[in-house]
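Structural overview
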Amino acid sequence: MGVDQAILPELGSAPPLDTGAAAHAPAPVRERARDARRAPAIARAWLVPAAVLLLGEIAGRLGWIAPNLLPTPSDVLRALVDLGGHTVAQHVMASTARVAAGYAIGVTLALAIGSLVGLSTTARVLLDPSFQALRAIPSLAWVPLLLLWLGIGEAPKLAMIAIGAFFPVYMGVVSGITGVDRKLVEVACLMRLRPLALVRRVLLPAALPSVMTGLRNGLSLAWMFMMAGELIAASSGLGYLLTDGRETSRADLVLAAIMLLAVLGKLSDTGMAWLEHRLLAWRDVLGTGSDTR
Amino acid sequence: MRIVERLRGAPGRGDTVRASAARAGRGRDSAEPEAVTTVQATLDVHVRSKRFDARQVLGDVRVRIAPGELVCLVGASGCGKSTLLRIAAGLDAQFDGSVHVDGHAQGGPTRDVGVVFQEPRLFPWCTVADNIAFESGGAAPDDAAVAALLDEVGLAGYASALPRQLSGGQAQRVALARALAGRPRVLLLDEPFSAVDAFTRMKLQDLLAGLVRGKGIATLMVTHDIDEAAYLGDRVLALDANPGRLREEIVLPKGARDRDHPGLSACRNRIFHALRDAHAI
């Protein structure tokens, strides 16, 4: 009896297996079912981080760990408060703006070149091997070259981020377009779609799942490359905060910057996941309905 | 507009008048397709030879189909049935021969020829309505033509559903509606019901027969199912393999269209013997 009670609500809120019925079910009912399922999911997602924070706090308070190596979570929070909201916001904004600009540049180039390589066999033969070789270069190897070429301003950092975002998106676009089902292209051919319409109405939508994966991976790499850029030379941003913390031996400051990075990265990825979920609702896949937020 | 276009492109040879009459008849309301009583074939596929590299897939094969006639194509796997269908659809231009629809030589896919494949091949990101109206750039919110087609294939109310929400049989109904959306003169089907269960298959067979006979569409269907050929076909063409050639043409009696009709088993036997003679069985 007790077992039944524990299982039944779970079953009741599961997505209906009969998709025909789902299509006709009134939307509010489905929404409510989803909300009921989501609340505990968020709570469960916080379970582990909360436990770790609590453990850190206890360990620090009881003196199990030296506070100059691992400050308690409350110390980290205090460090942020001491910096002042304005200063913290300035650093966060500086880094976010760099990521946004660099990501935009990298994604634009990747979409253009990736589409070309995906659609044209000639372009694939000429360009793809070179891009695969460039992709193999570790991010830090670019730093000296970019500093030589672009100096110590904003430009090398943006270039770093653009390089980081470029390759995952490029790979996603190329593999997405070359992987489109030939059978669907044949249907489009029967409908006498012109080349441009074929790209817009068949190839791009069919490639979208792969492109979205590339965009998501590209964004997380953009954050990573931003850090590589800011650690070299910066007067603002989270990388500067990290360097500052290290030079003044303040572990609390370093941890504060790391935590801010985690929050920013997670927030931007959640945004991308939401976008992916919205754009790819048509997919018939295992993940449909149980998005990772 | 459409009729005028068709009349302008007059076919060669001496069948101008008859062909024009047939095409003019097409523009009229589909309620009276029988008004066109012509001996000219709506679909005329003549393949002299079709090769894949060194291998000759099809020998000399000619298939002519009258309006409203349903012809089934049977034969061993690899005997070129599907290749013949792809040639008729305009998907394969590398062959020696010709395809005519209503007397017009075809140079590739046209609106006059609808195709249904073994798989539904719906665009998964488009709704059912947008799939059906894909050729004209998607469906308007209250597209009457799409609604009428959905009604005809028994899927009224599914316009806004996504393909992933459909069963296999429903998806194949949508594929049929999409093939009919361009008001084709010819319908080509490549084992369209082989992937659905037996009961759904019977329903879809009846749906197809009703639609193509009612609309006077010349229909060529590739099938592996002897029962299906005997039940649906006006004629059954059995192909030889290596290279594919017409082995036997079986004209089935008109009107014997009940599944429990005693004459049906005789038809079935004739198809079976033809296939056995062609070493398909």
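Residues numbered from 1 in each chain as written. Chains lettered and ligands numbered in written order. Predicted model: local features only at pLDDT ≥ 70, side-chain atom pairs only at ≥ 80, totals over all residues.

All names here are of chain B. The six strands are arranged β7-β8-β9-β4-β10-β11 in an open sheet whose pairing can be described as mixed. A single partner strand is all that each edge strand has here, and the edge strands are β7 (113-116) and β11 (245-251). Going from strand to strand, the sheet's axes swing by 20° on average, the running direction of each strand aside. Note that β7 and strand β8 (residues 186-190) share four bridges and pair parallel. Looking at the pairing, V115 lines up with L188 of β8. (Pairing = 2+ DSSP bridges. Helix = DSSP H or I, 4+ residues; strand = E, 2+ residues; numbered from the N terminus. Axes fitted to C-alpha atoms, helices over the stretch in contact; angles between N-to-C directions.)

With that settled, the discussion passes to helix α7 (residues 198-215) of chain B. End to end, α7 of chain B covers 26 Å across 18 residues, agreeing with the expected 26 Å (1.5 Å per residue, within 8%). Following α7 of chain B by one or two positions, G216 of chain B has its phi on the positive side, about 70°. (Expected span 1.5 Å × (residues − 1).)

What follows covers unusual backbone geometry. All names here are of chain B. The amide bond that connects N242 to the next residue, P243, takes the cis arrangement and shows omega of -10°. Looking at the secondary structure, you find P243 in the loop between β10 (235-240) and β11. Positive phi, close to 55°, is recorded for D102, a residue that is not glycine. Along the chain, D102 turns up in the loop between β5 (96-101) and β6 (104-105). Of the residues examined, D102 has 24 C-beta atoms within 10 Å and is grouped as buried. You will see that E191, though not glycine, has its phi angle at about 45°, which is positive. Summarising the element assignment, E191 is placed in the loop between β8 and α7. Note on E191: 20 C-beta atoms within 10 Å, which makes it buried. (Buried ≥ 20, exposed ≤ 12 C-beta atoms within 10 Å, placed from the backbone.)

Here we come to the pairing of strand β2 (residues 55-58) of chain B. All names here are of chain B. Examined bridge by bridge, strand β1 (residues 43-52) and β2 share three bridges and lie antiparallel to one another. Directly across from F52, in β2, lies its bridge partner R55. From the end of β1 to the start of β2, which pair antiparallel, there are two residues, and D53 there has a positive phi angle of about 55°.

Helix packing geometry: the angle between the two helix axes and the distance between the axes. All names here are of chain A. In contact at an axis separation of 7 Å, helix α5 (residues 85-119) and helix α11 (residues 238-247) are set at 125° when each is read in the N-to-C sense. Classified by the interaxial angle, the pair formed by α5 and α11 is oblique. Between α5 and α11, the contacting residues are H91, V92 and S95 on the first element and L238, Y240 and L241 on the second. Among the residues forming the contact of α5 with α11, the class breakdown is four nonpolar, two polar and no charged. (Parallel < 35°, antiparallel > 145°, perpendicular 65-115°, else oblique. Contact = placed C-beta atoms within 7 Å. Nonpolar A, V, L, I, M, F, W, Y, C, P; charged D, E, K, R; others polar.)

On to the environment of F52 of chain B, then. In this fold, F52 of chain B is placed in strand β1. A C-alpha to C-alpha distance of 9.4 Å links F52 of chain B and F95 of chain B, two positions 43 residues apart in sequence.

Right, let's talk about the domain arrangement of chain A for a bit. Structurally, chain A comprises domain 1 (24-65) and domain 2 (73-279). Just the C-alpha atoms count here: the centres of domain 1 of chain A and domain 2 of chain A sit 28 Å apart. (Domains from an automatic or database assignment.)

What follows deals with the confidence of the model for chain A. Interpretation of this model should avoid reading the predicted coordinates in detail wherever pLDDT is low. Residue and element names in this part refer to chain A. Per-residue confidence for chain A gives a mean pLDDT of 84; residues scoring 70 or more make up 84%. Note on residues 1-26: pLDDT is under 50 here. Beyond four places in sequence and across chains, it has 13 contacts. Low pLDDT (under 50) marks residues 289-293, which in the prediction has six contacts with non-local residues, meaning those over four places away or in another chain. (pLDDT = per-residue confidence, 0-100.)

Quick look at the pairing of β10 of chain B now. Residues and elements named next belong to chain B. The element β10 is largely enclosed, with a buried count of five among its six residues. Pairing analysis gives five bridges linking strand β4 (residues 70-75) to β10, with the strands arranged parallel. Residue pairing in the sheet places L73 in a bridge with L237 of β10. Pairing of β10 with β11, which is carried by six bridges, proceeds in the antiparallel orientation. Across the sheet, the residue bridging to D240 is R245, located in β11. The loop that links β10 with its antiparallel partner β11 comprises four residues; one of these, N242, has a positive phi angle of about 50°.

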